[in-house]
Amino acid sequence: MTDFDRASLDRLLPGTSGSADWDDVMSRFRAGHGHRRRRMIVLAAVALVAVGATSAIAMRAFVIDKGIVGLPPVGATPSTPESGVLEIYYWLHGVPGGG
Amino acid sequence: MNGRRGARLDELEALYRSRFDVFARVAASVTGDSERARDAVQEAFATAVRKRRSFRGEGPLEAWVWRIVFNAAHSDVRRAVQAVDYDEPVASNGHPEDDAELRVALARLPERQRTAVFLRYYADLDYAAIGEALGISAGTVAATLNAAHTALRIRLEEVRT
């Protein structure tokens, strides 16, 4: 065994600065808890904005670029129906046009 | 070792109140500054309160908290980029010459050996608890302390001859 014991180590270690303060521990805990909560809220907001922006871009591509609303594709020519007959179909009791 | 999950708040508070000085003084051996050591202990216990449900009860609660304290102290050292200065004289209330020799001998130990010595002979932890605190096996603790004893004995004999 070497020449040290608890007493000699006690003399070598620096003294304690300040005293125990459990209230300080708990206030640090609450501060850290609040900080993490705020960070989660910010991350959730960023995720929401990202999802919203992605959806908006997708909708724009679908609605405008694919032609539901807006101009026909470049090079497309309008077609002319061969006759002006309007056909209307209806279903009744599972039989087309039946009763 | 009761295999339970989670630590109770009142247990942490009781540990803090009964062992604050020991935690703070051993942490000072890492930070090199008693004020920063106290800050590390305060932060470590706040972290322990926050993570208390993750305590698995595979070892003593104190060993689990020691590990958090060392993490906090090492984080503090990394932030401060300040090495522990054991050559700086501290007030001695016993045997100044012996203390100086031992201080120098301890300063030359690798950090793990030095910390193991403080945990065993100052904080009075057993090998299993030291292993839990340092993240090593009890067998490695025994080997670490054995190496520390050998190194300290050799250095103290060198100084005294």
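Residues numbered from 1 in each chain as written. Chains lettered and ligands numbered in written order. Predicted model: local features only at pLDDT ≥ 70, side-chain atom pairs only at ≥ 80, totals over all residues.

### Things to note about the overall build of chain A
The criterion, for reference: Helical segments are the DSSP runs of H or I of at least four residues, strand segments are the runs of E of at least two, and each set is numbered from the N terminus. The exposure scheme places C-beta atoms from the backbone and then counts, for each residue, the other C-beta atoms within 10 Å of its own, assigning buried at 20 or more, exposed at 12 or fewer, and partly exposed in between.
Looking only at helices and strands, one finds 2 helices and 2 strands in chain A. Listed by position from the N terminus, the elements making up chain A come as α-α-β-β. Put simply, chain A has 99 residues, and 10% of those count as buried.

### What to know about unusual backbone geometry
Look at Asp-124 of chain B: it is not a glycine, yet its phi comes out positive at around 65 degrees. By C-beta crowding, Asp-124 of chain B is classed as exposed, having 11 other C-beta atoms within 10 Å.

### Considerations on the nonpolar core
Residues and elements named next belong to chain B. Short version of the rule: Working definition: the nonpolar core is a set of buried Ala, Val, Leu, Ile, Met, Phe, Trp, Tyr and Cys residues, joined through C-beta atoms within 7 Å. Start and end points for every domain follow an automatic or database-based domain assignment. By the convention adopted here, residues are in contact when the distance between their C-beta atoms, placed from the backbone, does not exceed 7 Å.
Ranked by size, the top nonpolar core spans 52 residues in total, and within it Ala-27, Val-41 and Val-69 carry the most contacts. No other element matches the 10 residues that helix α1 (residues 9-31) contributes to this core. Two domains each provide a minimum of three residues to this core, namely domain 1 (1-84) and domain 2 (94-161). With residues up to four places along the chain from it excluded, the contact list for Ala-27 reads Ala-37, Ala-40, Val-41, Val-69 and Ala-73.

### Observations concerning the interface of chain B and chain A
For clarity, the cut-off: Classification used: nonpolar for Ala, Val, Leu, Ile, Met, Phe, Trp, Tyr, Cys and Pro, charged for Asp, Glu, Lys and Arg, polar for all others including Gly.
Contact residues are listed per partner, giving 35 residues for chain B and 25 residues for chain A. Secondary-structure elements contributing two or more residues to the side of chain B that touches chain A are α1, α2 (34-50), α4 (96-107), α5 (111-121) and α7 (138-160) of chain B. When residues of the side of chain B that touches chain A are assigned to their parent elements, the largest contribution, 10 residues, is made by α1 of chain B. Here the residues of the side of chain B that touches chain A are counted per class, giving 16 nonpolar, 7 polar and 12 charged.

### Description of α1 of chain B
Residue and element names in this part refer to chain B. Stated precisely, the cut-off is as follows: Expected helix span is computed as 1.5 Å times (number of residues minus one). Two axes enter the definition of the bend at a residue: one is fitted to the seven residues ending there, the other to the seven starting there, and the bend is the angle between them.
For α1, spanning 23 residues, the distance from its first C-alpha to its last is only 27 Å, which falls clearly below the expected 33 Å at 1.5 Å a residue. At Arg-19, α1 shows its maximal kink, close to 70 degrees. Backbone geometry just after α1 places Gly-32 at a positive phi near 80 degrees.

### Comments concerning the packing of helix α3 (residues 61-80) of chain B against helix α6 (residues 127-134) of chain B
Helices that pack against each other are described as a pair by the angle of their axes relative to one another and the distance between those axes. All names here are of chain B. Short version of the rule: Under this scheme, a helix contributes an axis fitted over its contacting stretch, all axes are lines through C-alpha atoms, and angles between N-to-C directions fall in the 0 to 180 degree range. Helix crossings are classified by the rotation of the near helix relative to the far one: an anticlockwise turn of less than a right angle makes the crossing left-handed, while a clockwise turn makes it right-handed.
α6 packs onto α3 with a crossing angle of 35 degrees between their chain directions and a minimal axis gap of 7 Å. The element α3 and its partner α6 pack so that their crossing is right-handed. Here Glu-62, Ala-63, Trp-64, Trp-66, Arg-67 and Phe-70 of α3 lie close against α6, whose contacting residues are Ala-129, Glu-132 and Ala-133. Grouping the constituent residues of the contact of α3 with α6 by class yields 6 nonpolar, no polar and 3 charged.

### Observations regarding the confidence of the model for chain A
What counts here: pLDDT is defined as a per-residue confidence score from the predictor, taking values between 0 and 100.
Confidence along chain A averages 76 in pLDDT terms, with 68% of residues attaining 70 or more. Across chain A, the element-wise mean pLDDT spans from 66 in strand β2 (residues 95-96) of chain A up to 84 in helix α2 (residues 22-65) of chain A.

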